[in-house]
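An overview of the molecular structure
The lines below spell out each chain.
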Amino acid sequence: MKNENLINAVSAIDDDLIEEFVKEDMKRSDPKIIKRKKELHRYLYAVAACLVLAIGLSILMPIIARTNRLTGTVPLFNHLEDPTQFSNKTSYHFGNFKTGTSPSPTSPTEMYDRSFSIVAKAVEVLPDLYSIPEYEAGTRYYHADAYKVLKMNVINNIFGNGFPNEIYYLLPAYLDPDLTEYQHIVLALTQLGAEDALLINQSRMRYEKFSFTFMCAHQNNTNGGVLAFNNNKLDSSLWEKKGWDGGGLPGAIDFPADYGCSLDYTIHAIQQLNKEFTARKVSSTKDLKSEEAASALSYVQPFLNGSFIQKAFSNEIRYYRTISGFLTNESISLDENGSVKKYGEQFTKEDLKKLPDIEKLMTTLDFEKISPPHTKNLSQVNIDYVSVIGKYYKNNGVIYGVIRINWNMSDKKDNDMLYRDDMYILMTSDGAYRPVERDELQKYIGDDKIINKFEYGKISWRVNV
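Below is a short write-up of the structure. (Residues numbered from 1 in each chain as written. Predicted model: local features only at pLDDT ≥ 70, side-chain atom pairs only at ≥ 80, totals over all residues. Heavy atoms only, no water.)

Across its full length, the protein holds seven helices and 23 strands. Relative to all contacts within the protein whose residues are 6 or more apart in sequence, the contacts with residues 24 or more apart total 70%. Of the roughly 24,100 Å² of accessible surface on the protein, a fraction of 50% belongs to carbon and sulfur atoms. (Helix = DSSP H or I, 4+ residues; strand = E, 2+ residues; numbered from the N terminus. Contact = heavy atoms within 4.5 Å. Areas by Shrake-Rupley, 256 points an atom, 1.4 Å probe, with all protein chains shown as cover.)

Laid out in structure tokens, this is it:
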């Protein structure tokens, strides 16, 4: 019998009928029989009550279980063993959206961009796959999922100053990265960090440091310049390699070369394109002479006090602490004058012995079964993608872990209408975790970029990215 039918059947027994039956029965029975029948009726009432309770629990328990999955405890872990190592479970992305890729990825040869420019020789393609660490919540969204790293010798500076003799150059993994067959490569570059910048070796799941790292300028929209030369002539065979779709090249806006043109002509064309721009200097820490800068640089030295990833901005270098691949709210910036600014509280070695295990919880929770908590019309939307990230915080001496879940949804009747929702799970230094709203989370960790600003339930036009 179905649960609801059994409940209805038990509930349909009229109490008056039962009482009348008992009275009539008592008139016809002796005291011993009456006593036995009273006991039997009490037993039947108890059985009926137990059946109702059991059926009710069978309906409610799945609901309770779904709620309790977002509260509980996880073991603490000690991060002191090896700060270079971490799991690949530092973020999740699933659904129709995938980070760093597009249906038709564009080759970085399509347009020359005014930035650093050099002539170089590719000498080696490293065998493993690499990725760029996040330096803010969700920034890897603007990069490819994976890169190949090329070791390159710098032959000549075209635009920009301070280049070392050797650099490491990142190319999206969907391209054929072998440029060693060309005598000269002209590159337009953007710098990722100063000396000893960290990359993630995806093949071995560890941080590795590189002397100076660069990539295509404006990687988020794949503008840049990669031109190959042999015998002092432009070699268009590069555009025939896998992923290097030259299409109508040259002919794109501000493209500094033409079929069959010489290397000297291309260098001159780049200099003309850049004549109205001030040449930038490669970010380096060797000129930062103050004692304060020296102390800060000693502290963020790779793997001495943990792992600090870098980002080079126009006038400063920012170092962001990570723990087991997760960002923290501790960072240090050094500007071009050697001035130091510190953000967040410093994680001590004692702190690293009692961290809540974000990775453990992220691998335990089934994110695809968690529903957006602030979306009332779930039946009317499609969940396009879900992204999950974690981050560590130290605030007023207390350690926290935070997991943020983001949902992007589209209206089933109008795919151009976009809804957003989020959820936050707070983990404390005793290993306990529970869901919290934005306002409560802000009381624990302060105003941080992990806390979204969008309004729940608000509709906006979908933006193609």
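Here the focus is unusual backbone geometry. Of note, Asn-231 is a non-glycine position whose phi angle comes to about 55°, a positive value. Residue position: Asn-231 is located in the loop between strand 12 (225-230) and strand 13 (233-234). At Asn-232, a residue that is not glycine, the phi angle is positive and equals roughly 70°. Its location among the elements puts Asn-232 in the loop between strand 12 and strand 13. On the basis of relative accessible area, Asn-232 is assigned to the partly exposed category, the value being 33%. (Buried < 20%, exposed > 50% of the residue type's maximum accessible area, 1.4 Å probe, protein only.)

On to the nonpolar core, then. Residues Met-152, Phe-163, Tyr-169, Leu-179 and Leu-189 are the most contacted members of the largest nonpolar core, which totals 38 residues. Mapped onto this core, the elements with two or more residues apiece are strand 4 (116-125), strand 6 (147-159), strand 7 (166-172), strand 8 (184-191), strand 11 (213-216), strand 12 and helix 4 (263-273). Residue contributions to this core peak at five residues, all from strand 4. (Core = buried A, V, L, I, M, F, W, Y, C linked by side-chain atoms within 4.5 Å.)

Turning next to helix 5 (residues 291-299). By the burial criterion, the buried members of helix 5 are Ala-293, Ala-296 and Tyr-299. Projection of helix 5 onto a plane perpendicular to its axis shows the buried side chains occupying an angular sector of 125°, all on one side. Where helix 5 is buried, its residues touch strand 14 (307-312), strand 15 (316-323), strand 16 (326-335) and strand 17 (340-343). (Arc of directions from axis to C-beta.)

Attention now moves to the side chain of Thr-285. With respect to the helices and strands, the residue Thr-285 is situated in the loop between helix 4 and helix 5. The exposure class of Thr-285 is buried, given its relative accessible area of 16%. Contacts of Thr-285, omitting those with residues within four sequence positions, involve Ala-194, Glu-195, Leu-297, Ile-317 and Tyr-319.

Our next topic: the environment of Asp-357. Along the chain, Asp-357 turns up in the loop between strand 18 (355-356) and helix 6 (358-364). The class for Asp-357 is buried, based on a relative accessible area of 15%. Along the chain, Asp-357 and Thr-73 lie 284 residues apart, while their C-alpha atoms are 9.7 Å from each other. With residues near it in sequence (within four places) discarded, Asp-357 still touches Val-74, Pro-75, Phe-77, Tyr-392 and Met-427.

This paragraph deals with helix 7 (residues 438-445). Along helix 7, the positions that sit buried rather than exposed are Arg-438, Leu-441 and Ile-445. Down the axis of helix 7, the sector holding all buried residues measures 60°, keeping them to one side. Every exposed residue of helix 7 that faces more than 90 degrees away from the buried side is listed here: Asp-439 and Lys-443.

Let's shift gears to the pattern of salt bridges. Applying the stated criterion across every chain yields a total of 14 salt bridges. In this structure, the salt-bridge partner of Lys-241 is Asp-176, at a minimum N-O distance of 3.7 Å. Of the two residues, Lys-241 sits in the loop between strand 13 and helix 4 while Asp-176 sits in the loop between strand 7 and strand 8, which places them 65 residues apart along the sequence. Of the residues examined, Asp-176 reaches a relative accessible area of 24% and is grouped as partly exposed. For Lys-453, the salt bridge goes to Asp-447, with nearest N and O atoms at 3.2 Å. Neither residue differs from the other here; Lys-453 and Asp-447 are each classed as exposed. Salt bridges linked by common partners bring Asp-176, Glu-181 and Lys-241 together as one network. (Salt bridge = Lys/Arg side-chain N within 4 Å of Asp/Glu carboxyl O.)

For the structure shown, the criterion picks out 12 aromatic pairs. Seen from their ring centres, Tyr-130 and Phe-210 are 5.6 Å apart, and the 80° between their planes marks the pair as edge-to-face. Remark: Phe-210 occurs in strand 10 (residues 206-210) and Tyr-130 occurs in strand 5 (residues 130-131); sequence separation between them is 80 residues. Per residue, the accessibility class of Tyr-130 equals that of Phe-210, and both read buried. Relative to Phe-308, the ring of Tyr-299 lies with its centre 5.4 Å away and its plane at 65°, an arrangement referred to as edge-to-face. On the basis of relative accessible area, Phe-308 is assigned to the buried category, the value being 2%. Three or more aromatic residues link up through ring pairs in this structure, and these residues are Phe-116, Phe-163 and Phe-214. Its guanidinium or amino end placed over the ring of Tyr-343, Arg-318 lies 4.0 Å from that ring's centre, counting from NZ or CZ. (Phe/Tyr/Trp six-rings, centres within 6.5 Å; stacked < 30°, edge-to-face > 60°. Lys NZ or Arg CZ within 6 Å of the ring centre and 35° of its normal.)

Moving on to the pairing of strand 10. Here five bridges tie strand 9 (residues 197-201) to strand 10, and the two strands are oriented antiparallel to one another. Bridge pairing in strand 10 places Asn-201 opposite Arg-206. (Pairing = 2+ DSSP bridges.)

Another point: the pairing of strand 22 (residues 432-436). With two bridges joining them, strand 1 (residues 72-73) and strand 22 adopt antiparallel strand pairing. Residue pairing across strands places Gly-72 opposite Tyr-433, the latter belonging to strand 22. Sheet analysis places strand 21 (residues 417-428) next to strand 22, joined by four bridges and oriented antiparallel. The partner of Ile-425 across the bridge, within strand 22, is Pro-435.

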